[in-house]
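Architecture and fold: a report
What follows is the residue order along each chain.
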Amino acid sequence: NTSDLDKLGLNGTDSNSTDSNRADPGQVHDDSAPPRPSPQASKAVWRDWARLRHSLLPAPDSAAICEHLLAFLSEQRVSHVLAYHALPGEPDVSALAAHLHLYTTRAVFRPEVRLTLHDWHSATVFSRFGVRQPPKGTPEINRTRIGAVLLPGLTFDMTGTRLGYGGGFYDR
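To start, this report covers the structure provided alongside it.

Rules of the game
- The residue numbering used here restarts from 1 in each chain and proceeds along that chain's sequence as written.
- The model is predicted, so local features are restricted to residues of pLDDT at least 70 and side-chain atom pairs to those at 80 or more, both for listing and for counting; the totals for chains, interfaces and linings are taken over all residues.
- Hydrogen atoms and water are omitted, and side-chain values are computed over all heavy atoms in the structure.
- Helix numbers and strand numbers start at the N terminus; a helix is a DSSP run of H or I with at least 4 residues, a strand a run of E with at least 2.
- Each residue gets one of three labels from its accessible area relative to the maximum for its type: buried under 20%, exposed over 50%, partly exposed in between, using a 1.4 Å probe on protein chains only.
- What makes two residues a contact is simply this: any of their non-hydrogen atoms within 4.5 Å.
- What makes two strands pair is DSSP finding at least two bridges between them.
- Side-chain rings of Phe, Tyr and Trp (the six-membered ring for Trp) are treated as a pair once their centres are within 6.5 Å; stacked means planes under 30 degrees apart, edge-to-face means over 60, and tilted covers the remaining angles.
- Among buried residues, those of type Ala, Val, Leu, Ile, Met, Phe, Trp, Tyr and Cys that are joined through side-chain atoms within 4.5 Å constitute a nonpolar core.
- Residue count minus one, scaled by 1.5 Å, sets the expected span of a helix.
- In this description, the arc belongs to the directions extending from the helix axis to the C-beta atoms.

1. A few points about the overall build of the chain
- Along its length, the chain carries three helices and eight strands.
- Taken from the N to the C terminus, the helices and strands of the chain come in the order α-α-α-β-β-β-β-β-β-β-β.
- Within the chain, the proportion of its 172 residues that are buried is 32%.
- Contacts spanning at least 24 positions in sequence make up 52% of the contacts within the chain whose residues lie at least 6 apart.

Below, the structure written as structure tokens:
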């Protein structure tokens, strides 16, 4: 709905900006860049738009991203991090496992849809969505151990508001 898209900053305006010439960090410098949907467009339309924009961008520099994340997390004195196993086109943060205690999720569908938390290295099977996850029955970890969460998403605005892939797992 419109208010969700406004919150995401995806309506084409930036109420915090006074510099109309400020570059959009996710701007695709290509005449083939898709036009922004209207603020009233559905989340599905926005997701399609974001996927198309992603297809026009270079692959993420996972090594540089991990270097910056490690510096930031170290500065914050965080050593236990819930992370994600990257899908194609997402930054691969697995290199952080050499320096931090990483944890991952498993999607559970019954009796209710939810994510369970597990040791990073236990993710040895693929979910129905193609995401690496721990097999059924893998011991869960207590979420109070987690000091930071690296959240996957299709797109984020400048305030960190996330538009996900549509499964709703991280919203629960």
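That covers the picture; the talk isn't over yet.
2. Examining the pairing of strand β2 (residues 101–108)
- Taken across its eight residues, β2 has seven buried, putting it largely inside the fold.
- Across three bridges, the pairing between strand β1 (residues 80–82) and β2 is parallel. Across the sheet, the residue bridging to histidine 80 is histidine 101, located in β2.
- Linking two consecutive strands that pair antiparallel, namely β2 and strand β3 (residues 114–119), is a turn of five residues.

3. What about the pairing of β3?
- Of the pairings in the sheet, the one linking β2 to β3 comprises six bridges and is antiparallel in character. The residue bridging threonine 105 from the neighbouring strand is leucine 117, located in β3.

4. A look at the packing of aromatic side chains
- One pass over the full model with this rule turns up one aromatic pair.
- Geometrically, the ring pair formed by tryptophan 46 and tryptophan 49 is edge-to-face, given 5.3 Å between the ring centres and 80° between the ring planes. In this pair, tryptophan 46 and tryptophan 49 both sit in helix α2 (residues 43–56), three residues apart, roughly one turn of the helix. Note on accessibility: tryptophan 46 and tryptophan 49 belong to one class, buried.

5. Focus on the nonpolar core
- If you look at the biggest cluster of nonpolar residues, it comprises 14 residues, and the most contacted ones within it are Val81, Val93, Leu96, Leu102 and Leu150.
- If you tally residues by element for this core, the top one is helix α3 (residues 62–75), at three residues.
- Valine 93 has contacts with Cys66, Leu69, Ala83, Tyr84, Leu102 and Leu150, leaving out every residue within four places of it along the chain.

6. Observations regarding the sheet that holds β2
- In spatial order, the strands read β3-β2-β1-β6; together these four strands make up an open sheet with mixed pairing. What marks the edges here is a single partner per strand, and that holds for β3 and β6 (148–149).
- Relative to β6, β1 runs parallel, the two being bridged by two bridges. The residue bridging leucine 82 from the neighbouring strand is valine 149, located in β6.

7. Considering unusual backbone geometry
- For arginine 77, which is not glycine, the phi torsion reads 60° and is therefore positive.
- By the secondary structure assignment, arginine 77 is in the loop between α3 and β1.
- According to the relative accessible area criterion, arginine 77 is exposed, its value standing at 78%.

8. Quick word on α3
- Taking 1.5 Å per residue as the helical rise, α3 with its 14 residues ought to reach 20 Å, and the 20 Å between its terminal C-alpha atoms agrees with that figure.
- Of all the positions in α3, only Ser62, Cys66, Leu69 and Leu73 are classed as buried. Down the axis of α3, the buried side of the element spans an arc of 65°, and every buried residue falls inside it. For α3, exposure combined with an orientation more than 90 degrees from the buried face picks out Ala63, Glu67, His68 and Glu75.
- On its buried face, α3 sits against β1 and β6.
- Count one or two residues on from α3 and you reach arginine 77, which has phi positive near 60°.

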